[in-house]
Amino acid sequence: RKNLFGGGGFMRKKIIGIFGILAVVFLSVIFIWNYRRINQMYPNPELLKAGIGEPEELDGYEFTLTDFQMTDGEEMKSILANVHIKRIAEGEGTINMTAVAGECGGWNNGIDPDLYQVWNPGKSIHQLKFLQNQEEAIVIPISMHKAQFKKRDWERIDEKTFSIVLGLYPKKVILEGRCK
């Protein structure tokens, strides 16, 4: 049986197709508009890098990577980053070390809390307290497992450059080190 438009379901399919295309275009415009709006509200962080012996400031502290080593192991290895920290802002302050991470390419991991206590006895990982101008030397241990890397990357892991990430936003502050 024919409808008012002269054909069976052809016209109906055409109208549904047009509405589908319009819906996709409409949703795409909304997505792009929101994507741009969010990126304008939250721009990319400022990247601040420092190598061994170079100080970098963050939140009233000066961080200097003094030594960078990797433990040897078949299945597990740990990065041991020796960092000198100085409180340069006025008054007292605390650092929450659980926010610190290590990264290399697409891999990242937080501080190993058990090794942190071994290398930094008596120093809290949650509330590292500082007085004005106080200086501390700490070891930041970051553990990694063989299963977290491709075989060829694990075999050459000691040749890679690693970063200790102190902060992500609005400034990404990293201390870079290469294993000895």
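Check the entry above for the structure.
Residues numbered from 1 in each chain as written. Predicted model: local features only at pLDDT ≥ 70, side-chain atom pairs only at ≥ 80, totals over all residues. Heavy atoms only, no water.

**Focus on helix α1 (residues 10–41)**
Then, number 1: Here α1 spans 47 Å end to end across 32 residues, near enough to the 46 Å set by a 1.5 Å rise per residue.
Then, number 2: Of all 32 residues in α1, 0 are buried; the element is thus mostly exposed. (Helix = DSSP H or I, 4+ residues; strand = E, 2+ residues; numbered from the N terminus. Expected span 1.5 Å × (residues − 1). Buried < 20%, exposed > 50% of the residue type's maximum accessible area, 1.4 Å probe, protein only.)

**Observations regarding the environment of Q69**
Then, number 1: Within the secondary structure, Q69 is located in strand β3 (residues 61–70).
Then, number 2: Expressed as a C-alpha distance, the spacing of Q69 and K123, which sit 54 residues apart in the sequence, is 21 Å.
Then, number 3: Residues contacting Q69, with those up to four places away along its chain left out, are S78, I79, L80 and N82.
Then, number 4: A polar side-chain atom of Q69 sits 2.6 Å from a polar atom in the side chain of D67. (Contact = heavy atoms within 4.5 Å. Polar contact = N/O pair within 3.5 Å; in protein donor to acceptor, adjacent residues only side chain to side chain.)

**With respect to a nonpolar patch on the surface**
Then, number 1: Together, F10, M11, I15, I18, F19 and L22 make up a nonpolar patch on the protein surface, roughly 620 Å² of accessible area in all.
Then, number 2: Note on M11: relative accessible area 31%, which makes it partly exposed. (Patch = residues over 30% accessible without salt bridge, like charges linked within 9 Å, V, L, I, M, F, W, Y side chains within 5 Å. Areas by Shrake-Rupley, 256 points an atom, 1.4 Å probe, with all protein chains shown as cover. Salt bridge = Lys/Arg side-chain N within 4 Å of Asp/Glu carboxyl O.)

**Considerations on the pairing of strand β4 (residues 76–87)**
Then, number 1: Relative to β4, β3 runs antiparallel, the two sharing 9 bridges. Within the sheet, the bridge partner assigned to D67 lies in β4 and is N82. (Pairing = 2+ DSSP bridges.)

**Quick word on the sheet that holds strand β9 (residues 135–145)**
Then, number 1: What the 4 strands build is an open sheet, ordered β2-β3-β4-β9; its pairing is antiparallel. Two strands close off the open sheet at either side, each with one partner strand: β2 (55–58) and β9. Direction aside, the axes of adjacent strands within the sheet are offset by 35° on average.
Then, number 2: Sheet topology places β2 next to β3; 4 bridges connect them, and they run antiparallel. The residue of β3 that forms the bridge with E56 is F63. (Axes fitted to C-alpha atoms, helices over the stretch in contact; angles between N-to-C directions.)

**With respect to the packing of aromatic side chains**
Geometry of an aromatic ring pair is reported as the spacing of the ring centres plus the angle between the planes.
Then, number 1: Under the defined criterion, the tally for this structure stands at 7 aromatic pairs.
Then, number 2: Here the aromatic rings of W107 and F149 are separated by 5.4 Å at their centres, their planes lie at 35°, and the arrangement is tilted. Here W107 is found in strand β7 (residues 107–110), whereas its partner F149 is found in the loop between β9 and α3 (151–155), with 42 residues between them in sequence.
Then, number 3: Of the residues examined, F149 reaches a relative accessible area of 14% and is grouped as buried. (Phe/Tyr/Trp six-rings, centres within 6.5 Å; stacked < 30°, edge-to-face > 60°.)

**Section: the nonpolar core**
Then, number 1: Membership of the largest hydrophobic core comes to 34 residues, with the highest contact counts inside it found for M97 and I140.
Then, number 2: The dominant element in this core, judged by the number of residues it contributes, is β3, at 5 residues.
Then, number 3: Dropping the residues within four chain positions of it, M97 is found in contact with I111, Y116, I125, L128, I138 and I140. (Core = buried A, V, L, I, M, F, W, Y, C linked by side-chain atoms within 4.5 Å.)

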